[in-house]
Structure formats: structure tokens, C-alpha cells
Amino acid sequence: MSIQSNLQHIKSTIPPHVTLVAVSKTKPVSDLMEAYDVGQRIFGENKIQEMTEKYESMPKDIQWHMIGHVQTNKVKYMAGYVNLIHGVDSLKLLAEINKQAKKHNRTINCLLQVYIAEEESKFGLDENELLELLGSAEFRLLENIKVTGLMGMATFTEDQTQIQKEFTHLKTIFDKHKTLKTENCDLQIISMGMSGDYQLAIECGSTMVRIGSSIFGGRN
Ligand SMILES: *Cc1c(COP(=O)(O)O)cnc(C)c1O
């Protein structure tokens, strides 16, 4: 199957209120352009350098989403153009994004990553840490970022019941705290679901899915 037919198929299975992020990490610009040519405008990458190279060589109406874990010292390389940073899990990182956004006279949208998986390896905040961060005086002072939602990654498992439990956990946290609005916080987006579990994620309340291999094929 071609990238274009994969993309069209995926889109036909996603309801209109769910945003599709085409995860293009490791793939060449020619592959991204195939998706671009049938209308895809949101791409997700997990390495800042790779995303920046693609940003520089591709049309400027693309929205670039950083979906990987971000190192503080690299924020400056994407601050001029990045559209949404999915995996933010500390006040320190938010403060750096704010500082770099300010230099570019921009506001950068961020999702806070919530820890929902059972496995040890995933990044993210638990519910208490999330509330502590959003309630802190330091957070309120960050005028060049906006927290627009939450992001989560389920355990890497075949066990659908386990995955469903984790997605539902994120949706519950979201619903509990979505009324918590400030100048720089308005929770609208729930980013959850990848190639293997996006339909389950949508059933559990996802509004943004991050799909790579089902569009572009497997990665090495
Ligand atoms: C790679 C990646 C995806 C896409 O995974 P696929 O299984 O290829 O769809 C989604 N989210 C994150 C954070 C990723 O790193």
C-alpha cells in the first residue's frame, strides 16, 4: 500500500473531532511530501535536529509537532517554528520553552505528559505532580507558553484491557481538571493513541492521535 492510500484509509477511520498527527520520524522528506500532497499538514517528529532539517526544506504551511522527550538545551532550535510540544513533563522544561518562545515573540502550545503506563520506562507526571505544576506561582508567570492539553502513552502490550484502563485513566484526569483555566492553561486536547491502539484511544476520549507506521510503514 502507498503512503497516500494508507493515509486516506486512516483518515476514513477517524472522526472529524480527532486531529491526526502523521508521525514521520526517521522517514525521508520525499515520504512526507507524499502525505503533504494529499493534504496532510501536521507532522510529528521526536528529534529536534531532524525536525528542524525537515522544517527548513519543506513548505511553510506545515504544523510541526514535537512528540519526543525534549532536552532543555535543545529547545532553542525549534522555538521559532514548533507548533505543539507533546511531551512536557516538568516546570523546568516549561520555563525554558517560555524563555525561548519569548525571544521569538511567540506563544508555544504545550501538552503536559501524564504518566499512565504500568511499565517503568515512560516519562510523565502523575496527577498530583500535574496539579502542583498547574497551581504553582511560577507556572502562572509563564506568559509565552500555553498548556492546551494532556498527552499519554499506554504500556507497550497486546493486552487491550490494560491499554483501555490506561487511556481511561488519562481521560478521567482530563475531565476532572479541564475547568482549571488560567491565562496560560486551557485543557482542550487529549493526545493519546498510536498505530496499534488509536481506535481504542478514540473510544476512550482521545482528540489527537499520533500515527506513524500505519501511514509510512515500519521503521528500523
Ligand atoms: C513513534 C511515536 C508514535 C507513532 O508510533 P506508531 O506506532 O509508528 O504509530 C506516536 N507517539 C510517540 C510519542 C512516538 O514516539
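No experiment lies behind these values; they were computed from the predicted model shown. (Residues numbered from 1 in each chain as written. Predicted model: local features only at pLDDT ≥ 70, side-chain atom pairs only at ≥ 80, totals over all residues. Heavy atoms only, no water.)

**Some words on the packing of aromatic side chains**
One pass over the full model with this rule turns up two aromatic pairs. A cation over an aromatic ring shows up here: R41 above the ring of Y36, its NZ or CZ 3.5 Å from the ring centre. Sitting over the face of the ring of Y55, K60 holds its NZ or CZ atom 4.9 Å from the ring centroid. (Phe/Tyr/Trp six-rings, centres within 6.5 Å; stacked < 30°, edge-to-face > 60°. Lys NZ or Arg CZ within 6 Å of the ring centre and 35° of its normal.)

**A word on the UniProt feature "modified residue: N6-(pyridoxal phosphate)lysine" (unreviewed entry) in the chain**
The UniProt record marks K25 with the feature "modified residue: N6-(pyridoxal phosphate)lysine" (unreviewed entry), using the residue numbering of this structure. Ignoring anything within four residues of it in the chain, the contact list for K25 reads G44, E45, N46, E50, K54 and R219. (UniProt positions renumbered as here; feature names shortened; annotations may be inferred. Contact = heavy atoms within 4.5 Å.)

**Looking at the site of the ligand**
Around the ligand, the neighbouring residues are V23, K25, I67, M151, M153, M194, S195, R210, I211, G212, S213 and R219. Within the contact set of the ligand, an oxygen atom lies 2.8 Å away from a backbone nitrogen or oxygen of G212. At a separation of 2.8 Å, an oxygen atom of the ligand approaches a polar side-chain atom of R219. Contact with the protein chains hides 90% of the accessible area of the ligand, taken as 390 Å² for the molecule alone. Each residue belonging to the shell around the ligand can be placed in one class, and the counts come to six nonpolar, three polar and three charged. (Near = heavy atom within 4 Å. Polar contact = N/O pair within 3.5 Å; in protein donor to acceptor, adjacent residues only side chain to side chain. Areas by Shrake-Rupley, 256 points an atom, 1.4 Å probe, with all protein chains shown as cover. Nonpolar A, V, L, I, M, F, W, Y, C, P; charged D, E, K, R; others polar.)

**So, the packing of helix α5 (residues 127-135) against helix α7 (residues 160-177)**
Close contact between α5 and α7 brings their axes to 12 Å; oriented N to C, the two are set at 30 degrees. When the interaxial angle is binned, α5 and α7 end up roughly parallel. The two elements α5 and α7 meet at a crossing, and its hand is right-handed. Note on element contacts: α7 touches α5 through I173, K176 and H177, opposite E127, L130 and L131. Classifying every residue of the contact of α5 with α7 gives three nonpolar, one polar and two charged. (Axes fitted to C-alpha atoms, helices over the stretch in contact; angles between N-to-C directions. Helix = DSSP H or I, 4+ residues; strand = E, 2+ residues; numbered from the N terminus. Parallel < 35°, antiparallel > 145°, perpendicular 65-115°, else oblique. Left-handed = near helix turned anticlockwise from the far one by under 90°.)

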